[in-house]
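Chain by chain, the residues:
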Amino acid sequence: MTTDVQILESAVVRFAGDSGDGMQLTGSQFTNSTALSGSDLATFPDFPAEIRAPVGTTFGVSAFQINFGAKSIKTIGDEPDVLVAMNPAALKVSLDNLRRGGLLVVDAGSFTKRNLQKAGYETNPLEDGCLEDYQLITLDASKQTVESVKEFGLGNKDALRSKNMYMLGLMLWMFDRSRAPVTDWLEKKFAKKPEIAAANIAALNAGHAYGETAELSTSIKRYHIGAVKQEPGLYKTVTGSEALSWGLAAGGELSGLDIVLGSYPITPASPVLHTLSSLKDLGILTFQAEDEIAAVCAALGAAFGGALGVTSSSGPGIALKGEALGLAISTELPLVVVNVQRGGPSTGLPTKTEQSDLYQAIYGRNGDAPLPVLATRSPADCFETAIEACRIALKYMTPVILLSDGFIANAAEPWKLPDMEALEPFEVAFASAPEDGEFNPYQRDDLSLARNWAKPGTPGCMHRIGGIEKSYDTGHISYDPANHQKMTDVRAAKVAGIAREIPPLEPSTGSAGARIGVVGWGSTFGPIEEAVKIARSEGVDVSHVHFRHLNPMPSNTDALLKSFDHVLIPEMNTGQLKTVIRDRFFIDAQPLNKVSGQPFKITEVLNAIRDLASEKA
Amino acid sequence: MTDQSPLTIKDFTSDQEVRWCPGCGDYAILKCMQRTLPEMGATLENTVFVSGIGCSSRFPYYMNTYGFHTIHGRAPAVATGLKLANPDLDVWLITGDGDGLSIGGNHTLHALRRNVDLNILLFNNKIYGLTKGQYSPTSEVGIKTPSTPMGSVDPSLNPINFALGCGAKFVARTVDTAQKHMPGVFKAAHQYKGAAFVEILQNCIVYNDDAWSDITDKKTAQDKQLLLEHGEKMIFGKEGNKGIVFDMDSFSLKVVTIGENNITQEDVLTHDESHIGIARLLAELGAGDGEPVAMGVLYQESVDLSYERAVHAQIDHARQKKKRSIKDIVLGGQTWHVK
């Protein structure tokens, strides 16, 4: 046992298997162990829309990718360095991405004639030489797992379920990660079935031991990836859905209001409903409605009643909510609308990521119906952005759309926990008595233009609101032409006015006046940031500007974007922000579009920057 | 403000001009509501009217209470959210046959199924009024309207049966012209701690005039209406000699005449509000020749907890077991320190 330990700065590992193989679980446990050892990381769960596709087929492949390092990690990594393939289908689907010369770990036990056939292989790739560009490690994990759990008396089928733990054990050994967090987790998870916990731990240990023993092929190395130099503080790993839900909960606490979430299950937004449903002791009330329309309407009804109404969905569901959002705009009630975007149109790619609902968020309603739109850029960023959405909704009495996406929702990253005491409350002042004898719900704050909010139950403030246009002066129904013009203008001015307190847009890398400004929003932050850094190290004069507030935009947007000679906008859509920017600022922004359901690779953005740099040189 | 003097019809009347067609049945329902609320001890501030879209849904504007005129068919969902936010409010939901049974059928279904503590008043005039006279889910087959020039071929829906089918635990029926009958139904609905579904037969003078005239015509009303009272015999008719019996042969309700064929008062059914089977039969009554339409509370089943109370009970229970703050959640779980 004299394997050298090689020090690496970072590595990308991808676990791929059948959707019943427990790959997400394997990946998240590897993540946990990695986070606790102090490396920075980013993860990418990539799973099929089918709950359980036929075993062994390519469309049933579920994968989990993690990029981790002793340096700052902002993306999931362009190409895995290590691919763990649990069966032929997983190999077939994932091999293209593996770095040339990368390490391929394969469960040879699953490469049966039948599985090869199902994956569409005519010859066995382990034998026909097609993998010679990679370092190949084949082991019969199936057989060895069964051997290692023999003493627990499980049937063959049950025993094979621990195969993922066997592979995880091997990977933990290879990357010098601790097994303790995984065994702790298994013991807790299977507290009521100790024999299952024990079998899984045995498989984990067997996989680990496999790495250590003489059975080992000499080509296997151990790698060590150290802790990243991070700002001091308390950290935990968090997924976007968790951080976003907690941000909403914090918004409730900071505003002193109860949260009522109306939601209808939809991928990839459901985890927000699940997370908030588990926070009942915080006073958070969740309502699983009969459909998307009922979900938003219940949230709006709750807002009318004086609660902080929240609804969460994905693009197709947001489409259904459109009419109610118009009502929220017309009645000027606060509402937070979370859109965890997926690939579209229609049902599209439910489990894949895209950021193609920007038009829908900004324009997607009947009538002139402006509302604020925010986008979060990463799992950890969700917390603060969700609080900001709550704050704006309440301060300005308006629905707010908060855009996340499937990638952010499911991905995890280390999060430096905020100083919870330092979060600023934004307590709401409800109208408590009529002014001048008569209560007018549409009387406005001079600066914010927010209207009066009186809770039903408040004596003296009885009022009626609805979707029909109302008089600027009294709030009663009004069809007066000049009044409709005035109300349309004031609703627009109210939303536009939010820009006054949005922090100025600043490049996250580089500075104003660069030759190229790469402008992004949402989950493309990581790949853009890394690409810009690399391009700068190559001498390209390029900056990265990333939007959180998409409507209204920060007041200095025009000046900042015009300070660049060229603006490049990478988006996981066909150019939606590009169109908005061109429309608002007459800037000839160049699009870089990708709609494959997969996040950008750094090289894709980098190549576009290089092209632009050389073309315009 | 309620301490000094009892509220009156005036207190509940808003300063807004009522804009229904002259002669519309909605006026009578509005007046009756404004008159009855003070009798129930309602306060202006705790009463909320929520409506969808349609003629009936203008109702909230005319009440000097809280009100929310929402969107087509979705009032039950809005009202559900409102009750979740504040279970103490007295929420009245005003809807029509198009609003509540067509575009909003799904939401009506679930408000009833969940037993949200709402008073749901469905004005049934068997026509679309606001959109100018198209047929509705309760319109009769064959009705000629702008969208059915050759007559409608859609079978019509029975709102009471619909409600019972949804699991409604309080179901009643009244009619716009019955100023004496309506208040009692309103009061019973108001008292009910759950979803109270009330069908109000209502006349649209412009697009479906006389839709209910065979029931409401003073000459025939007594023969065409069966006024139900819990514990009372189901007796009706001008002469007071007609009754409802359960016919074992057809397994349905049958009209009989007391004094004929050896029928005595003893043979007539006694109304039992808690009997779901009879309620289903009563819902259908009126379709056959000589049958009266059942009025009043057809069915009422007592429940421990309305939906929103059950939801809040879970929250209270969770808070008693452990009460965290968001800080506990963010800072809890598996964390590590970087120095």
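Up top is the structure.
Reference entry: report on the structure contained in this document. (Residues numbered from 1 in each chain as written. Chains lettered and ligands numbered in written order. Predicted model: local features only at pLDDT ≥ 70, side-chain atom pairs only at ≥ 80, totals over all residues. Heavy atoms only, no water.)

Helix and strand counts for chain A stand at 20 helices and 22 strands. A globule of 617 residues ought to have a C-alpha radius of gyration of about 25 Å, and chain A, at 27 Å, matches this closely. Projecting the C-alpha coordinates of chain A onto the three principal axes gives extents of approximately 90 × 65 × 45 Å. When the 617 residues of chain A are sorted by exposure, 62% land in the buried category. When contacts within chain A are restricted to residue pairs at least 6 apart in sequence, those whose partners lie at least 24 apart make up 76%. Roughly 22,800 Å² of accessible area belongs to chain A as shown, and the carbon and sulfur atoms make up 50% of that amount. Across chain A, 55 positive and 72 negative side-chain charges occur, with their mean positions spaced 3 Å apart. (Helix = DSSP H or I, 4+ residues; strand = E, 2+ residues; numbered from the N terminus. Rg over C-alpha atoms; globule rule 2.2 N^0.38 Å. Buried < 20%, exposed > 50% of the residue type's maximum accessible area, 1.4 Å probe, protein only. Contact = heavy atoms within 4.5 Å. Areas by Shrake-Rupley, 256 points an atom, 1.4 Å probe, with all protein chains shown as cover. Lys, Arg positive; Asp, Glu negative; His and termini not counted. Charge placed at Lys NZ, Arg CZ, Asp CG, Glu CD.)

A few words on the interface of chain A and chain B. At the interface, 71 residues of chain A touch 58 residues of chain B. The largest share of the area that chain A buries against chain B comes from Asp 281, Glu 290 and Arg 464 of chain A, three residues that together contribute 14% of it. Between the two partners, chain A and chain B, sit three salt bridges. Between Arg 114 of chain B and Glu 290 of chain A there is a salt bridge, with the nearest N and O atoms lying 2.9 Å from each other. Taken together, chain A and chain B are joined by 26 residue pairs in polar contact (both at pLDDT 80 or more). At the level of secondary structure, the elements contributing two or more residues to the side of chain A that touches chain B comprise helix 1 (23–36), strand 9 (233–239), helix 9 (240–255), strand 11 (285–288), helix 11 (292–304), helix 12 (315–331), strand 16 (412–416) and strand 17 (464–466) of chain A. Of the residues forming the side of chain A that touches chain B, the biggest block, eight residues, is contributed by helix 11 of chain A. The residue makeup of the side of chain A that touches chain B, split by class, is 42 nonpolar, 17 polar and twelve charged. Sheet analysis places strand 9 of chain A next to strand 12 (residues 336–338) of chain B, joined by three bridges and oriented antiparallel. (Buried area = accessible area lost by both parts, 1.4 Å probe. Salt bridge = Lys/Arg side-chain N within 4 Å of Asp/Glu carboxyl O. Polar contact = N/O pair within 3.5 Å; in protein donor to acceptor, adjacent residues only side chain to side chain. Nonpolar A, V, L, I, M, F, W, Y, C, P; charged D, E, K, R; others polar. Pairing = 2+ DSSP bridges.)

Per the stated rule, a full pass over the model turns up 23 aromatic pairs over all chains. Here the aromatic residues Trp 20, Tyr 27, Phe 49, Phe 59, Tyr 62, Trp 92, Phe 123 and Phe 186 of chain B are joined through ring pairs into a cluster of three or more. The ring of Phe 190 of chain A has Lys 189 of chain A sitting right over it, with the charged end atom 5.7 Å from the ring centre. (Phe/Tyr/Trp six-rings, centres within 6.5 Å; stacked < 30°, edge-to-face > 60°. Lys NZ or Arg CZ within 6 Å of the ring centre and 35° of its normal.)

In this section: a nonpolar patch on the surface. Residues and elements named next belong to chain B. Residues Ile 205, Val 206 and Tyr 207 make up a contiguous nonpolar surface patch of roughly 240 Å² in combined accessible area. With respect to the secondary-structure elements, Ile 205 resides in the loop between strand 6 (196–201) and helix 7 (213–216). For Ile 205, a relative accessible area of 34% puts it in the partly exposed group. (Patch = residues over 30% accessible without salt bridge, like charges linked within 9 Å, V, L, I, M, F, W, Y side chains within 5 Å.)

Residue and element names in this part refer to chain B. It is at 9 Å that the axes of helix 1 (residues 25–40) and helix 6 (residues 181–191) come closest, and there the two elements cross at 55 degrees. One way to sum up the angle between helix 1 and helix 6 is to call them oblique. Along this stretch, helix 1 crosses helix 6, giving a crossing that reads as right-handed. From helix 1, Ala 28, Ile 29, Cys 32, Met 33, Arg 35, Thr 36, Glu 39 and Met 40 reach across to helix 6, where they touch Met 182, Pro 183, Phe 186, Lys 187 and His 190. Looking at the contact of helix 1 with helix 6, its residues break down into eight nonpolar, two polar and three charged. (Axes fitted to C-alpha atoms, helices over the stretch in contact; angles between N-to-C directions. Parallel < 35°, antiparallel > 145°, perpendicular 65-115°, else oblique. Left-handed = near helix turned anticlockwise from the far one by under 90°.)

Next up on the list: helix 14 (residues 381–396) of chain A. All names here are of chain A. The end-to-end C-alpha distance of helix 14, which contains 16 residues, comes to 23 Å, matching closely the 22 Å that a straight helix rising 1.5 Å per residue would cover. Most of helix 14 is tucked away, with 14 of its 16 residues classed as buried. Looking one or two residues beyond helix 14, the residue adopting positive phi is Met 397, at roughly 50 degrees. (Expected span 1.5 Å × (residues − 1).)

For an α-helix, the turn length of 3.6 residues means that residues three or four places apart are oriented alike. Residue and element names in this part refer to chain A. Taking 1.5 Å of rise per residue, 14 residues should cover 20 Å, and helix 1 covers 20 Å from first to last C-alpha, within 8% of that figure. Among the 14 residues that make up helix 1, ten are buried, leaving the element largely enclosed by the rest of the structure. Within the span of helix 1, buried status applies to Met 23, Thr 26, Gly 27, Gln 29, Phe 30, Thr 31, Asn 32, Ser 33, Thr 34 and Ala 35. Where helix 1 terminates, the next one or two residues include Gly 38, which has phi positive at roughly 95 degrees.

By themselves, these observations are geometric and do not establish any function.
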